[in-house]
Structures are given as structure tokens and as C-alpha cells.
Amino acid sequence: MSWLQRLREGLSRTRDNLAKAIPWGKNPEEVLEELEFALIAADVGVEASREVLEEVRRSGKKDLREALKQALTVQLEPDAFRAKIRRAGFSPDAKKSVVEPKGKVILMVGVNGVGKTTTIAKLGQYYQNQGKRVMFCAGDTFRAAGGAQLGVWGERLGIPVIQGAEGTDPAALAFDAASARKARGFDLLLVDTAGRLHTKRNLMEELAKVKRSIGKADPGEPGEVWLVLDAITGQNGLEQAKRFHQAVGLTGVVVTKLDGTAKGGVLVPIVRTLGVPIKFIGVGERAEDLQPFDAGEFVEALLG
Ligand SMILES: Nc1nc2c(ncn2[C@@H]2O[C@H](COP(=O)(O)OP(=O)(O)O)[C@@H](O)[C@H]2O)c(=O)[nH]1
Ligand SMILES: [Mg+2]
């Protein structure tokens, strides 16, 4: 199955709901009347839904579906101008662009259960396929199973994993991992983190400390800090996302579990709230189900 087929399949719940809610065959006024509600139901958000509707009206396009695709694509790209150009030239067969990380270390953050550890494994495989030499740091030392889980992935993929005993200070472990990456000349280090701590300790402070200690071992790193969000949590995860952003300065977002929700429109408020780009999206549990995010392609799979 190609990625586009996977994407379509993964987004089928959201797409089916939108298709049911928007009376495409009716006259334009009726379509426009239902459009805003359909978007809100898909978690696009009240404000963005209104903007999209205005944009569709303003465009004066006869083909409302095309106008909607364009307006949604612009909402999904913080760089709206680039999105417009990309959208204009969209071709379903176009080769996907590679997400090239800044720097050599990606720090991955997010609450428990969103898919951080499996996403790190999938990203490891993705970058390995790009010819990079990858290392993992099993920085979720709060959960005994956290380190073991990444250890299994590392073994399967032939990726070295820097691991500590349960309860190891994650900042110290991250320091060791960043030093090891540098010393061994690997191209990329992916650092896993805990999504929850003992109640006495503050997760955000801890993550900020992990980030600083990576910078001490390797100045300028981490070049990237990516938040993993679970699409099923939808807009409820946004307040938390803001707190992560304040604590560690996000440079990107990975949205997982789009296959498990009819609210795939939540990508729009994520981009609006955080103002950082979505780097990858996940539509299933297999490694091939995580792919670089492309706004035009996403909208095409939703409405095409
Ligand atoms: N359906 C689906 N499941 C996913 C996706 N990404 C991750 N998962 C599953 O989510 C569960 C929790 O993942 P895990 O990586 O342990 O989460 P963590 O606590 O954030 O590290 C696992 O069963 C994963 O297989 C996705 O895109 N779709
Ligand atoms: Mg984990």
C-alpha cells in the first residue's frame, strides 16, 4: 500500500464524517451553511472554521471543494505563502520532501501514552533509511518499561541505545548520550523523555533541565525539540501543549493516532495555537504509518 493510500485509510473516520456533514450536491448556499458546523465537528476550532468559511466565500470559486482545500491548506501551514505555492503545484505523485532536522539531537517530549517511544523508533528507522547513523537515549527513566521498550526497538533496528537504571537522573543520562553521540560521530541522537513524574517533581522543570544538559555536552544542541500529541485527545491537549512550549521551546510537533479519531481537523488549532510546524503524522502502529506532514497532501486525503 502506498503512503497516500495509508493516509486516506488512516483519515477515513474524519473524511467520512465530513463527507456526510457537507451536502456537496446541493446549491452553494446550502453547502456553505453546513460547512462551518462540519469543520467545527471535526475539531478545526470555531475561529479557524469561521476564517475558512470566509476565505471560501471570498475566493468566489465555483468549485467549493477546491476552495475549501485551499483555505484549509493555508491554515495548516504557518508559512501561508509557501503553502499557497505548494498547494498550487500539488501532485499526488510528487516525491515527498525529507524532513531534515536542524542540528544533531532531537529531544522528544509529551505526556504519557501519546506514542513518544514508538514514534522515536519509527523516526529512527526513517532517518536510518535516509542513510544516517542514529542513536537513541532511553530518557524515560521514570517507567521501568520505558527503557526496555526502546532497548528492544534499538536491537531490532541495529540502533545503539544509551540506557540507565530505573530512576536514573534523566538529565545526567541525556548528558552522557549527547557526549557519546559526539564522541562516536553519529549523525543523529533521538532522546526519549518521561511523560509523568512522581508528584513531588515538576515535569516541565525536569525537561528544561534535560534540554540544558544536552547543551552542556554539545553546545547548540538540541537543534530540535518536538512535542508528540495524540489526535484522539484533540483540542483538550492544547493547554498542555502550550505549557511544553513555554518550558522547552518547541520547534515542531508530531501528531499520532489520526487513524483513531473523526477529529483529524485538530491539526488546524495545533498549528494556530503553537505557531510551530507539524513535522510528522502517524496513522497507525506500523513503522510505515509515520510520515512527513504535507498540508496539501493531508487536505487532499481528507476531501479528495
Ligand atoms: N493507532 C495508532 N496507535 C499508535 C500510533 N502511534 C503510537 N501508537 C500506539 O500508542 C501506544 C503508546 O505508545 P508509546 O510509544 O508507548 O507512548 P509513550 O508513553 O508516549 O511513550 C502504543 O501501543 C503505540 O503502538 C498511531 O499513529 N496510531
Ligand atoms: Mg514511552
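We now turn to the structure provided with this report.

Cut-off values and rules
All residue numbers here refer to positions counted from 1 along the written sequence of the relevant chain. Chain A is the first chain written and ligand 1 is the first ligand written, with later ones labelled in order. Given that this is a predicted model, residues contribute local features only at a pLDDT of at least 70 and side-chain atom pairs are listed and counted only at 80 or more, while totals for whole chains, interfaces and linings are drawn from all residues. Side-chain metrics in this entry use all non-hydrogen atoms of the structure; hydrogen atoms and water are not considered. One heavy atom suffices: a residue is near a molecule or strand as soon as one of its heavy atoms comes within 4 Å of it. The term polar contact refers here to a pair of N or O atoms within 3.5 Å; inside protein, the definition further demands a hydrogen-donor-capable atom paired with an acceptor-capable atom, and it admits residues adjacent in sequence only when both atoms are side-chain atoms. Think of it this way: any DSSP run of H or I at least four residues long counts as a helix, any run of E at least two long counts as a strand, and we number them from the N terminus. Think of it as three bins: nonpolar holds Ala, Val, Leu, Ile, Met, Phe, Trp, Tyr, Cys and Pro, charged holds Asp, Glu, Lys and Arg, and polar takes everything else, Gly as well. Here the expected span of a helix is defined as 1.5 Å times the quantity of residues minus one. When accessible area is computed with a 1.4 Å probe and restricted to protein chains, residues below 20% of their type maximum are described as buried, those above 50% as exposed, and intermediate ones as partly exposed.

### A closer look at the site of ligand 1
Near ligand 1 lie 18 residues; those nearest to it are G113, K116, T118, D259 and E285. Separating an oxygen atom of ligand 1 from a side-chain N or O atom of Q149 is a distance of 3.2 Å. When residues of the shell around ligand 1 are assigned to their parent elements, the largest contribution, four residues, is made by helix 7 (residues 116-129). Residues belonging to the shell around ligand 1 are distributed by class as follows: three nonpolar, nine polar and six charged.

### Some thoughts on helix 7
Along an α-helix, residues three or four apart share an orientation, since each turn contains 3.6 residues. Between its first and last C-alpha atoms helix 7 spans 20 Å; for 14 residues at 1.5 Å apiece the expected length is 20 Å, and the two agree. In terms of residue burial, helix 7 counts as a mostly covered element, since 10 of its 14 residues are buried. Of all the positions in helix 7, only K116, T117, T119, I120, A121, K122, L123, G124, Y126 and Y127 are classed as buried. Positive backbone phi, at 90°, marks G131, one or two positions downstream of helix 7.

### Points about unusual backbone geometry
Note: most peptide bonds trans; most residues except glycine with negative phi. The omega torsion of the bond from E221 to P222 falls at -5°, within 30 degrees of zero and hence cis. By the secondary structure assignment, P222 is in the loop between helix 10 (203-217) and strand 5 (224-230). The residue D43 is not glycine, and still its phi comes out positive at about 75°. Turning to its location among the elements, D43 is positioned in the loop between helix 3 (28-41) and helix 4 (46-59). Given a relative accessible area of 10%, D43 falls into the buried group. Although it is not a glycine, K257 adopts a positive phi angle of roughly 60°. As for its position among the elements, K257 is in the loop between strand 6 (252-256) and helix 12 (267-274). Since its relative accessible area comes to 29%, K257 is described here as partly exposed.

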